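Structure at a glance
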Amino acid sequence: LAGCPVTVVAGPVVTSPSEAAAADAVVAAVEAARPAGSVLLVVGLSDTDPLGRAHLHVAIAAGPGFGPGELRSQSTRRAPYVQLIDVAPTVLELRGALAAPGVASAVDGQPWHATGHPPPAITSLVRADTAAGAVRAALPWAVALLVALVTAGAALSVTRRRRLAAVVSSTALAAPVCTYLVNLGPWYESPAPTVVLLVSTLVLALSVALVALRLGEGRSWVIAAGAVTGLTFGVLVLDVLTGSRLQLDSVLGYSPLVAGRFTGLGNVAYGVFGAAALLTATSVAIKRAGWRDVAAIGAVAVVADGAPMWGSDVGGVLALIPGFAVLLLLRAGARLSWRRLVVIAAAAVAVVLAFGLADYARPASSQTHLGRFVGRILHGGAGTVLQRKLHADLDLLTANAGTLIVPVAVAVGLWLILRPPPRLARGYARHPELRFGLIALCVLALVGLVVNDSGIAIPAVAVLLGVPYSLVVLSGDTSPEPPVEEQHVLP
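Calculation rules
Residues numbered from 1 in each chain as written. Predicted model: local features only at pLDDT ≥ 70, side-chain atom pairs only at ≥ 80, totals over all residues. Heavy atoms only, no water. Helix = DSSP H or I, 4+ residues; strand = E, 2+ residues; numbered from the N terminus. Buried < 20%, exposed > 50% of the residue type's maximum accessible area, 1.4 Å probe, protein only. Contact = heavy atoms within 4.5 Å. Areas by Shrake-Rupley, 256 points an atom, 1.4 Å probe, with all protein chains shown as cover. Core = buried A, V, L, I, M, F, W, Y, C linked by side-chain atoms within 4.5 Å. Axes fitted to C-alpha atoms, helices over the stretch in contact; angles between N-to-C directions. Parallel < 35°, antiparallel > 145°, perpendicular 65-115°, else oblique. Left-handed = near helix turned anticlockwise from the far one by under 90°. Nonpolar A, V, L, I, M, F, W, Y, C, P; charged D, E, K, R; others polar. Patch = residues over 30% accessible without salt bridge, like charges linked within 9 Å, V, L, I, M, F, W, Y side chains within 5 Å. Salt bridge = Lys/Arg side-chain N within 4 Å of Asp/Glu carboxyl O. Expected span 1.5 Å × (residues − 1). Polar contact = N/O pair within 3.5 Å; in protein donor to acceptor, adjacent residues only side chain to side chain. Phe/Tyr/Trp six-rings, centres within 6.5 Å; stacked < 30°, edge-to-face > 60°. pLDDT = per-residue confidence, 0-100. Lys, Arg positive; Asp, Glu negative; His and termini not counted.

Here's the deal with the overall build of the chain
- If you tally the helices and strands in the chain, you get 16 helices and four strands.
- Burial analysis of the chain (491 residues in total) assigns 44% to the buried set.
- Intrachain contacts of the chain at a sequence separation of at least 6 include 67% that bridge at least 24 residues.
- Taken as a whole, the chain presents about 23300 Å² of accessible surface, with 68% of it coming from carbon and sulfur.

A few points about the environment of alanine 33
- Counting through the fold element by element, alanine 33 comes out in helix H1 (residues 17-33).
- With relative accessibility at 47%, the residue alanine 33 sits in the partly exposed group.
- Taking C-alpha positions, alanine 33 is 6.9 Å from leucine 1, a pair spaced 32 residues apart along the chain.

Digging into the nonpolar core
- Of all hydrophobic cores here, the largest spans 91 residues; its most connected members are Phe233, Phe273, Leu320, Phe324, Leu465 and Tyr469.
- When residues of this core are assigned to their parent elements, the largest contribution, twelve residues, is made by helix H7 (residues 267-286).
- With six residues, the next largest nonpolar core counts Ala61, Val82, Val87 and Trp112 among its residues.

As for the packing of helix H9 (residues 314-331) against helix H15 (residues 432-451)
- At a minimum axis distance of 8 Å, the contact between H9 and H15 shows a crossing angle of 160°. Comparing their axes, H15 and H9 come out roughly antiparallel. Considering the relative orientation of H9 and H15, their crossing is right-handed. Residue-level contacts link Gly315, Leu318, Ala319, Leu320, Pro322, Gly323, Val326, Leu327, Leu330 and Arg331 of H9 to Glu433, Phe436, Gly437, Ile439, Ala440, Val443, Leu444, Val447, Gly448 and Val451 of H15.
- Taken together, the residues that form the contact of H9 with H15 break down as 14 nonpolar, four polar and two charged.

Comments concerning a nonpolar patch on the surface
- On the surface, Leu241, Val303, Met309 and Trp310 cluster together into a nonpolar patch covering about 340 Å² of accessible area.
- Turning to its location among the elements, methionine 309 is positioned in the loop between helix H8 (291-306) and H9.

Let's talk about helix H6 (residues 221-241)
- For H6, built from 21 residues, the straight-helix expectation of 30 Å at 1.5 Å per residue is met to within 8% by its first-to-last C-alpha distance of 30 Å.
- Downstream of H6 by one or two residues, glycine 243 has phi in the positive range, about 105°.

What to know about the pattern of salt bridges
- The full count for this structure, using the stated rule, is three salt bridges.
- Between arginine 34 and glutamate 31 there is a salt bridge; the shortest N-O distance is 2.8 Å.
- Glutamate 31 sits in the partly exposed class, given a relative accessible area of 37%.
- The shortest N-O distance in the salt bridge between arginine 362 and aspartate 359 comes to 2.8 Å.

Focus: H9
- The terminal C-alpha atoms of H9 lie 27 Å apart, and with 18 residues this matches the ideal 26 Å at 1.5 Å per residue to within 8%.
- When you tally the buried positions in H9, you get 15 out of 18 residues, the bulk of the element.
- In this structure aspartate 313 caps H9, since a side-chain oxygen of it lies 3.2 Å from the backbone nitrogen of glycine 316.
- Phi turns positive, to about 85°, at glycine 333, one or two residues after H9.

What about the packing of aromatic side chains?
- Summed over all chains, the structure comprises three aromatic pairs.
- An angle of 75° between the planes, with centres 5.9 Å apart, marks the rings of tryptophan 187 and tyrosine 188 as edge-to-face.
- Tyrosine 188 sits in the buried class, given a relative accessible area of 19%.

Observations concerning the environment of isoleucine 60
- Here isoleucine 60 lies in strand S2 (residues 59-62).
- Assessed through its relative accessible area of 41%, isoleucine 60 is described here as partly exposed.
- In this structure the C-alpha to C-alpha distance between isoleucine 60 and leucine 71, which are eleven residues apart in sequence, comes to 7.8 Å.
- Beyond its immediate sequence surroundings of up to four residues, isoleucine 60 is in contact with Leu40, Leu41, Val42, Leu71 and Trp112.

Examining the confidence of the model for the chain
- Looking at the chain as a whole, its pLDDT mean stands at 86, while 88% of the residues score no less than 70.
- In this model residues 478-491 is a low-confidence stretch, pLDDT under 50, and it forms 26 contacts with partners more than four residues away in sequence or in other chains.

Considerations on the packing of helix H3 (residues 122-158) against helix H5 (residues 193-216)
- For the pair H3 and H5, interaxial distance at closest approach is 9 Å and the crossing angle is 35°. Like other packed secondary-structure pairs, H3 and H5 cross with a definite hand, here right-handed. Facing Ala134, Ala137, Ala138, Trp141, Ala142, Leu145 and Leu149 of H3, the residues of H5 in contact are Pro193, Thr194, Leu197, Leu198 and Leu202.
- Here the contact of H3 with H5 is built from residues that sort into eleven nonpolar, one polar and no charged.

Observations concerning the environment of glutamate 70
- Among the structural elements, glutamate 70 can be located in the loop between S2 and strand S3 (71-73).
- Sequence-wise, glutamate 70 and proline 120 are 50 residues apart; in three dimensions their C-alpha atoms are separated by 6.4 Å.
- If sequence neighbours within four positions are ignored, glutamate 70 has contacts with Ala79, Pro80, His113, Ala114, Thr115, His117, Pro118 and Pro120.

A few points about the side chain of arginine 34
- Its location among the elements puts arginine 34 in the loop between H1 and strand S1 (40-43).
- Within the structure, the side chain of arginine 34 is placed 2.6 Å from the backbone oxygen of serine 38, a separation counted as a polar contact.
- Not counting residues up to four positions away in its chain, the partners in contact with arginine 34 are Leu1, Val39, Leu40, Ala62 and Gly63.

A look at the side chain of aspartate 249
- Assignment of secondary structure puts aspartate 249 in the loop between H6 and H7.
- No salt bridge forms around the buried aspartate 249; measuring N to O, its nearest opposite-charge neighbour arginine 78 is 8.1 Å away.
- Discounting residues that sit within four places of it in the chain, aspartate 249 has contacts with Tyr81, Ala128, Ala131, Ala132, Val135, Asn183, Trp187, Tyr254, Ser255 and Pro256.

Take a look at the structure:
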């Protein structure tokens, strides 16, 4: 080993305790033979377990610069998680080659570093693996629950069972935020984690719904719908500002097994976040608040989503700004001309560039993917990133038959907004701002679909919030129907 600056040693696949002991023996042999002052990296690339379940794997660094403690990299920005793509830049940095011109921009990962915090207990690492596996198993069941609640609320609304439809639709509207709130407890450690997750989400969502409807009782269920979306928006803003702890290992957040994101706002959570922000602003607009209140909600959403130290989300900002701009323009009675749309798009790009340049101005060790992408624009390599994101989006769009339902659902939603049947048209006549908000939500969903990798999740989540929100608002309206000549015409 002394004659080689970098040596790669392959150990056995670990699927049993005996194979783990054999792997330990290989690591021990290398540890005993490596030169003084060298660094040992252990990367757990074992196969999945005999039942085919995916697991997190071990990552260890020992030697100068790596004392006892947790590992992290700037690609995850969360200890104790690092990625396989971080191994190459770690080796390059240890060899002093990462700082060479063009090298850092040619790799996607970031070097491992020790945090200096106390070393994590083995039980905490096992718990992280357990949580990741539990979320993976519960995800399809949780999605089925959300879809069932939305469908049940719509069916009850059609049968004109007003009160029950409002309760079920409010529960459906509250369910997404409750999938994050249940992460305040270790549901994944129970004997039946999927059952505990579903029951906890349902009970908590029903409780939130009943409280919200109570707030709107005797006044307007617009208040109830706005209270639920406001809670959703507020919880996610607070989560982003405090390290995104609720999103990690949640069914509508991100999983370290997928490794798409470890902090900030992921695409699914962004779908909930963006829809909740726009629908909260819609409730404010329906209650005849000033345009400044709507703009203030949009400003908070853009800063929380786009700031590098918080959401660090490029595509989200590119979708949020057009969504809120369309809502404000429609509410002001302005037409959506091509010139205005171009100005809105240019403003969104300018805001993203401002966030990226601010991030790029920070030291390289503190930059997020926003600053690194600006660096690739300036020094080359941005095309590779864009191409990879496009492939990821197309792959997810055609991953299974279920994802193909999403564009159909969005098309049906647009038709119901632009060419509503008589009963829905009367609801829009009472609350024209509801129609404006739904159009803005469609803009956010469609732009988010185009500019994000795995963007198909954004319109899917927008439907899960937009439909029950509309049902709650319309179910609570018992005022006399306006004459046809007084109905509002969309500018």
